[in-house]
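Overview (structure and organization)
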Amino acid sequence: MLLLAKLTIAPAFVAAVSLIGRRFGPAVAGFLAALPVVGGPILALLIAEQGLEFGARAAFACAIGAAPTMIFALAYSLVAPRVRWGRAITLGYATYFVAAAVLLAVPPSLTTATIVPLATWWLVLRVFPRASAEAFPRAPSRWDLPVRIVATMTLVLLITTLASVIGPERSGLFTPFPIATAVLAVFAHRDAGGASASVLLRALVRGLVSFVAFFVVVGATLDAVGAIASFVTGGLVALGVHAIVSKLAR
């Protein structure tokens, strides 16, 4: 049953977000992709397999892990208008791993899980390049959706399989690893240009504050109220934050 959940839940969420984004364009796709539609199911599977204490520590680490993803998005977007997607993704991942290596030294707690990603979010958005782009082409690549699904499935299987070996801190930190994010950016870049990828990634970074809110709330409440109540509470808080950010952006 857990294997079936690993293979279906998060990939199904990514497919749904991708189809919605295909209809409404890169900004909508990026903003929706920031919701914990992949990280949430991964955390639920970690709790089911490793327990509540492991899950709480992983949740705080996952919130911190949003920071390297923001830096990945910034690095990619800074060069995307001038280079092909291969060079942009190489620079993005290089900066991601540097940031993640630094943050491995940060102990996950309610304080660090709040301050580190929110400070990064504020700083990254202040320097993020502004671009305008048309919506995704009407006929995206036939490989677009399958690659997103396979990439998401790979991340879920990798994190949940290695969790007991690498521990809750590393499991959480690498849960937001930008696989699906990179796939979204690369297809936008290839099909509609670097400016389109930049628009998508800026929207994603803007929405990641709700991702952080979800994992901070879950980490803070998991031991006290249990998995179901903490996930419901975290989900409601994340949706509320997402709505506020969306309204402010408009």
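Up top is the structure.
Definitions and limits used
- Residues numbered from 1 in each chain as written.
- Predicted model: local features only at pLDDT ≥ 70, side-chain atom pairs only at ≥ 80, totals over all residues.
- Heavy atoms only, no water.
- Helix = DSSP H or I, 4+ residues; strand = E, 2+ residues; numbered from the N terminus.
- Buried < 20%, exposed > 50% of the residue type's maximum accessible area, 1.4 Å probe, protein only.
- Contact = heavy atoms within 4.5 Å.
- Patch = residues over 30% accessible without salt bridge, like charges linked within 9 Å, V, L, I, M, F, W, Y side chains within 5 Å.
- Areas by Shrake-Rupley, 256 points an atom, 1.4 Å probe, with all protein chains shown as cover.
- Salt bridge = Lys/Arg side-chain N within 4 Å of Asp/Glu carboxyl O.
- Phe/Tyr/Trp six-rings, centres within 6.5 Å; stacked < 30°, edge-to-face > 60°.
- Polar contact = N/O pair within 3.5 Å; in protein donor to acceptor, adjacent residues only side chain to side chain.
- Core = buried A, V, L, I, M, F, W, Y, C linked by side-chain atoms within 4.5 Å.

**Observations regarding the environment of Leu 74**
Note on placement: Leu 74 falls in helix 4 (residues 52-79). Exposure remark for Leu 74: the relative accessible area of 14% places this residue in the buried category. In sequence terms Leu 74 and Leu 201 are 127 residues apart; their C-alpha atoms lie 7.7 Å from each other. Non-local contacts of Leu 74, meaning those with residues more than four positions away in its chain, are made with Val 124, Val 127, Phe 128 and Pro 129.

**A few points about a nonpolar patch on the surface**
A cluster of nonpolar residues, Ile 228, Val 232 and Leu 236, forms a patch on the protein surface that exposes about 330 Å² of accessible area. For Val 232, the position within the fold is in helix 10 (residues 227-249). With relative accessibility at 46%, the residue Val 232 sits in the partly exposed group.

**Some remarks on the packing of aromatic side chains**
Aromatic ring pairs are reported here in terms of the distance separating the ring centres and the angle at which the planes meet. Applying the stated criterion across every chain yields a total of ten aromatic pairs. For the ring pair Tyr 96 and Phe 177, a centre distance of 5.1 Å and an interplane angle of 90° mean the geometry is edge-to-face. Remark: Phe 177 occurs in the loop between helix 7 (144-173) and helix 8 (180-192) and Tyr 96 occurs in helix 5 (residues 85-103); sequence separation between them is 81 residues. In this structure Phe 177 comes out as buried when scored by relative accessible area, which is 18%. Ring plane angle 50° and centroid distance 4.7 Å describe the contact between Phe 211 and Phe 215, whose orientation is recorded as tilted. In this pair, Phe 211 and Phe 215 both sit in helix 9 (residues 194-225), four residues apart, roughly one turn of the helix. An aromatic cluster is built from Phe 72, Tyr 76, Tyr 93, Tyr 96, Phe 97 and Phe 177, whose rings are joined through pairwise contacts.

**Details of the side chain of His 189**
Turning to its location among the elements, His 189 is positioned in helix 8. Overall, the relative accessible area of 8% leaves His 189 in the buried class. Only 2.8 Å separates the side chain of His 189 from the side chain of Tyr 76, close enough to count as a polar contact. A polar contact is formed between the side chain of His 189 and the backbone oxygen of Val 83, at a distance of 3.1 Å. In contact with His 189, other than residues within four places in its own chain, are Tyr 76, Ala 80, Val 83, Arg 84, Trp 85, Ala 88, Gly 194 and Ala 197.

**Focus: the nonpolar core**
Counting 72 residues, the largest nonpolar core has Leu 43, Met 70, Tyr 76, Val 205 and Phe 215 as its most contacted members. It is helix 4 that contributes the most residues to this core, 16 residues altogether. Discounting residues that sit within four places of it in the chain, Met 70 has contacts with Pro 117, Thr 120, Trp 121, Val 124, Val 205, Leu 208 and Val 212.

**Concerning the side chain of Thr 181**
Looking at where Thr 181 falls in the secondary structure, it is placed in helix 8. Once residues within four sequence positions are removed from consideration, Thr 181 is found in contact with Thr 69, Phe 72, Leu 201 and Leu 204.

Read these as geometric descriptors, not functional statements.
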